[in-house]
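Listed below are the residues making up each chain.
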Amino acid sequence: VETIARGWLSVPLKLDAVLAKLERGEIEMRNPDVSYQVNRLEQSIRSLILSILFTAFLIGGIQLFLAGIFGGAAILLAGAVGFFIWILWRLVISS
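Which residues make up helix H3 (residues 70-94), and what values go with them?
Its 25 residues place the ends of H3 36 Å apart at the C-alpha level, agreeing with the 36 Å of an ideal helix rising 1.5 Å per residue. Of the positions making up H3, those classed as buried are Ala 73, Gly 79, Ala 80, Phe 83 and Ile 87. Lining the buried residues of H3 we find helix H2 (32-66).

Here you go:
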């Protein structure tokens with residue numbers, strides 16, 4: 001499990017390094033499919049980030065609700081609903 005977690009945590013750093021090289025023109029793309037795959041990878045990372053934010057807002061809102069802090073809970077749960085709608089919107093656009 002630790003090896004898998006380390007692998008997942010290193011992906012954003014590796015992706016950032018590769019994209020930085022690509023922006024500087026240090027990487028030549030010889031295959032048109034590579035460009036498509038890079039775009040799909042970027043979309044997947046954006047979806048992952050939105051999902052993590054949705055989960056954080058949802059869990060935070062539930063915790064605040066259970067603690068009796070209803071104002072904060074309402075704000076976080078409204079944010080969770082907003083992220084959920086955003087995720088659904090992105091799914092509709094991409095299909």
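Provide a residue-level description of the packing of H2 against H3, including the pertinent values.
Two measures define how a pair of helices packs: the angle their axes make with one another and the distance between the axes. With their axes 8 Å apart at the nearest point, H2 and H3 run at an angle of 155° to one another. Classified by the interaxial angle, the pair formed by H2 and H3 is roughly antiparallel. Viewed along their axes, H2 and H3 form a crossing whose handedness is left-handed. Across the contact of H2 with H3, the residue classes tally to 17 nonpolar, seven polar and two charged.

Reading guide: rules and limits
By convention here, each chain's residues receive numbers from 1 onward along its written sequence. The model is predicted, so local features are restricted to residues of pLDDT at least 70 and side-chain atom pairs to those at 80 or more, both for listing and for counting; the totals for chains, interfaces and linings are taken over all residues. As a rule here, side-chain values cover all heavy atoms of the structure and leave hydrogens and water aside. Here a helix means four or more residues in a row that DSSP labels H or I, a strand means two or more in a row labelled E, and each is numbered from the N terminus. In this scheme, a helix's expected span is set at 1.5 Å multiplied by one less than its residue total. Between buried and exposed lies partly exposed: a residue is buried under 20% and exposed over 50% of the maximum accessible area for its type, with that area taken using a 1.4 Å probe on protein chains only. Only heavy atoms matter for contacts: two residues are in contact if any of them lie within 4.5 Å across the pair. The axes are straight lines fitted to the C-alpha atoms, using for helices just the contacting stretch, and the angles between their N-to-C directions are given from 0 to 180°. Each angle gets one of four labels, with under 35 degrees taken as roughly parallel, over 145 as roughly antiparallel, 65 to 115 as roughly perpendicular, and the rest as oblique. Left-handed describes a crossing whose near helix is turned anticlockwise from the far helix through less than a right angle; right-handed describes the clockwise counterpart. Polar here means any residue outside two lists: the nonpolar Ala, Val, Leu, Ile, Met, Phe, Trp, Tyr, Cys and Pro, and the charged Asp, Glu, Lys and Arg; Gly therefore counts as polar.

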